[in-house]
Structures are given as structure tokens and as C-alpha cells.
Amino acid sequence: MRHRDPIPEIETPQKLAKRLNLAFADLLLLSRALTHRSYLNEHPEALEDNERLEFLGDAVLDFIVGAWLYNRYPEMPEGDLTRMRSALVYTEQLAEFARKIKLGHAMRLGKGESYGGGRERSALLCDTFEAVIGALYLDSGIDAVIEFISPLLNESAEDILINHKTEDPKSSFQEWAQAQGYSTPQYVTKKATGPDHSKTFDVDVIVNSKIYGNGCGPSKQAATKAAAIDALKKLSLLD
């Protein structure tokens, strides 16, 4: 009989705040930001999950990243600023921020979600990161959020510019198809797995009845983008 690996020891909100040098006055806010719905279902004593803080953090990030880009790149035109902001608040990028600060070690997940690899799932990491931003904003104000997020933005913005990550892979693949005289690419969802709050989508991109690429992601948008990237790589149009 196959035994499950034990659930790893979870980093407490206090230890997380100390490690990240975040001076939370109200650690209950941070605790709530780390609490996934699946944990709440198994621990009735936990009063609230992080979904409301995630909503707030998403809005705070949009504003802060927009303002940061405006000041960081004074000559950049509006269209490029918009694409840069989209790249910096994209699910996979926020999940990467979460991985850099090892946020997965502190996430409060239900046993099933934890056993299922939730601590490495991009959608959950992204959501938790946004919730932490929301909690930090409520606890310490916008300046604390800017101080926390700016080093992450500095490093990632340069990577995005150097590697042309603002370019839309779906548009690039469609331009290739049109140049060949082919029909418009079609994105077909093969399957969607997982619970409603944490689905994974599997998508093929098809041109003239031929599958050119496949992608998976926590949303249809993310999966279609991954499929377009896969197609461009197979055509040697993207490194």
C-alpha cells in the first residue's frame, strides 16, 4: 500500500513576518491572508478564508504596479506600460514572486489540497500572494506595500524587457498562421480537472485540423497562452 508523504511543517505567520521583515501590527490579518478555503472547511475555529483579502490585494497591486512603472520608465508609451503591467500581475508572475519568498511554506491548506501539491500550484500561490498584499495594505498602508514589492518588481521588469515577455504569444501565433495562408487558430479545451476553486485547464491550439501546441493552466486564459507559447517553440519562433 502506497503511503502519502507527511504534510510538511507549516511556517507560522509570526515566523513568516519576521523572515520577510514585515512589521505586522495585527498578525491575525496575515494569518487570514494565508488561509485557503480548504483549510477553513477542516478547521471551524478559523473564522475566515483569504478570498476577500485576495480581492483587495489584486486592486492594490494593479495601482502600485501601474504607478511604479510610470515612475520607473518615464519615456515608455502608454501601450507598452499597459503590457508591462499585465506581464507583472499575470498569474504565473505573481506565483513566481510567491515562490521567491517561499510563501508556500506558510500557506494554510486543507489536507487534501496539501497532499495534492497545492503549495506549488501557481493559482494558489498567486491568490495567496495577492491576499498577503491586501493584508499588508490594511495593516501598514501603501508605503509598506511599495517597500515590500519594489525589489521583486525591479528584478522581474528587467527580465520581462530583456526577454520580450510583453509580447502576446496568441497574437504572434495568429500572425504566423495568417502569413502561411492558414485559418485562424482555434483553442480547444480538452479537459478541466480539480475542484471548482482550483481547476486546471488543458488546451490544444489547432490550425487546419492539426494540433500545433498544448498548454495547461489555472484558467482558460493561462492555458491558451501556454498552448500558443508551445506552438511558437515547436516552430522555432520562440526560445
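Residues numbered from 1 in each chain as written. Predicted model: local features only at pLDDT ≥ 70, side-chain atom pairs only at ≥ 80, totals over all residues. Heavy atoms only, no water.

> Describe the overall build of the protein, with residues and values.
Helices and strands together make up the secondary structure of the protein, namely eleven helices and three strands. Along its sequence from the N terminus, the protein presents helices and strands in the succession α-α-α-α-α-α-α-α-α-α-β-β-β-α. Since a compact globule built from 239 residues should have a radius of gyration of about 18 Å, the 20 Å found for the protein is in line with a globular shape. If you line up the protein on its principal axes, its C-alpha atoms span 60 × 60 × 25 Å. Counting the 239 residues in the protein, one finds 41% classified as buried. Nonlocal contacts in the protein, meaning residues at least 24 apart in sequence, comprise 54% of its contacts between residues at least 6 apart. (Helix = DSSP H or I, 4+ residues; strand = E, 2+ residues; numbered from the N terminus. Rg over C-alpha atoms; globule rule 2.2 N^0.38 Å. Buried < 20%, exposed > 50% of the residue type's maximum accessible area, 1.4 Å probe, protein only. Contact = heavy atoms within 4.5 Å.)

> Describe unusual backbone geometry, naming the residues involved and giving the relevant values.
Phi is positive for Asn21, which is not a glycine, with a value near 60°. By secondary structure assignment, the location of Asn21 is in the loop between α1 (13-19) and α2 (27-33). Assessed through its relative accessible area of 69%, Asn21 is described here as exposed. Not every positive phi belongs to a glycine, and Ser236 is a case in point at roughly 60°. As for its position among the elements, Ser236 is in the segment after α11 (220-234).

> Describe the pattern of salt bridges, naming the residues involved and giving the relevant values.
Scanning all chains against the criterion turns up eleven salt bridges. Note that Arg32 and Glu48 form a salt bridge whose closest N and O atoms lie 3.6 Å from each other. Residue Arg32 is located in helix α2, and its partner Glu48 is located in the loop between α3 (37-42) and α4 (51-72); the two are separated by 16 residues in the primary sequence. With a relative accessible area of 29%, Glu48 lands in the partly exposed category. A salt bridge links Lys100 to Glu155; the shortest N-O distance between them is 3.4 Å. Here Lys100 is found in helix α6 (residues 91-100), whereas its partner Glu155 is found in helix α9 (residues 142-162), with 55 residues between them in sequence. Lys100 sits in the partly exposed class, given a relative accessible area of 36%. Several salt bridges converge on common partners, so that one network encompasses Arg32, Glu48 and Arg52. (Salt bridge = Lys/Arg side-chain N within 4 Å of Asp/Glu carboxyl O.)

> I'd love a proper account of the side chain of Ser38, names of residues and values included.
Inspection of the secondary structure puts Ser38 in helix α3. A polar contact is formed between the side chain of Ser38 and the side chain of His36, at a distance of 2.7 Å. Engagement of the side chain of Ser38 in a polar contact is seen with the backbone nitrogen of Gly110, the distance being 2.9 Å. Sequence-distant contacts of Ser38, that is, excluding residues within four places in its chain, are made with Leu109, Gly110 and Glu113. (Polar contact = N/O pair within 3.5 Å; in protein donor to acceptor, adjacent residues only side chain to side chain.)

> Can you tell me about the environment of Ser114, naming the residues and giving the values?
You can see Ser114 is positioned in helix α7 (residues 111-115). With relative accessibility at 11%, the residue Ser114 sits in the buried group. Each C-alpha atom of the pair Ser114 and Gln221 lies 25 Å from the other, and the pair is 107 residues apart in sequence.

> Lay out the side chain of Thr224 in plain terms, naming residues and giving numbers.
As for its placement among the helices and strands, Thr224 is situated in helix α11. For Thr224, a relative accessible area of 10% puts it in the buried group. Of the polar contacts made by the side chain of Thr224, one reaches the backbone oxygen of Gln221; its length is 2.9 Å.

> Before we move on, can you summarise the packing of aromatic side chains with the specific residues and values?
Considering all chains together, one arrives at seven aromatic pairs under this definition. Between the aromatic rings of Phe97 and Phe129, the centroid separation amounts to 5.8 Å while the plane-to-plane angle is 50°, which identifies the pairing as tilted. In this pair, Phe97 is assigned in helix α6 and Phe129 in helix α8 (residues 122-140), connecting sequence segments 32 residues apart. Just as Phe97 is buried, Phe129 falls in that class too. Aromatic side chains Phe173 and Trp176 sit 5.6 Å apart centroid to centroid with 10° between the ring planes, which places their arrangement in the stacked category. Here Phe173 and its partner Trp176 are both found in helix α10 (residues 169-179), three residues apart, which amounts to about one turn of the helix. Trp176 matches Phe173 in its accessibility class, with the two residues each being buried. Through a chain of ring-to-ring contacts, three or more aromatic side chains come together here, namely Phe173, Trp176, Tyr182 and Tyr212. (Phe/Tyr/Trp six-rings, centres within 6.5 Å; stacked < 30°, edge-to-face > 60°.)

By themselves these figures say nothing about function.
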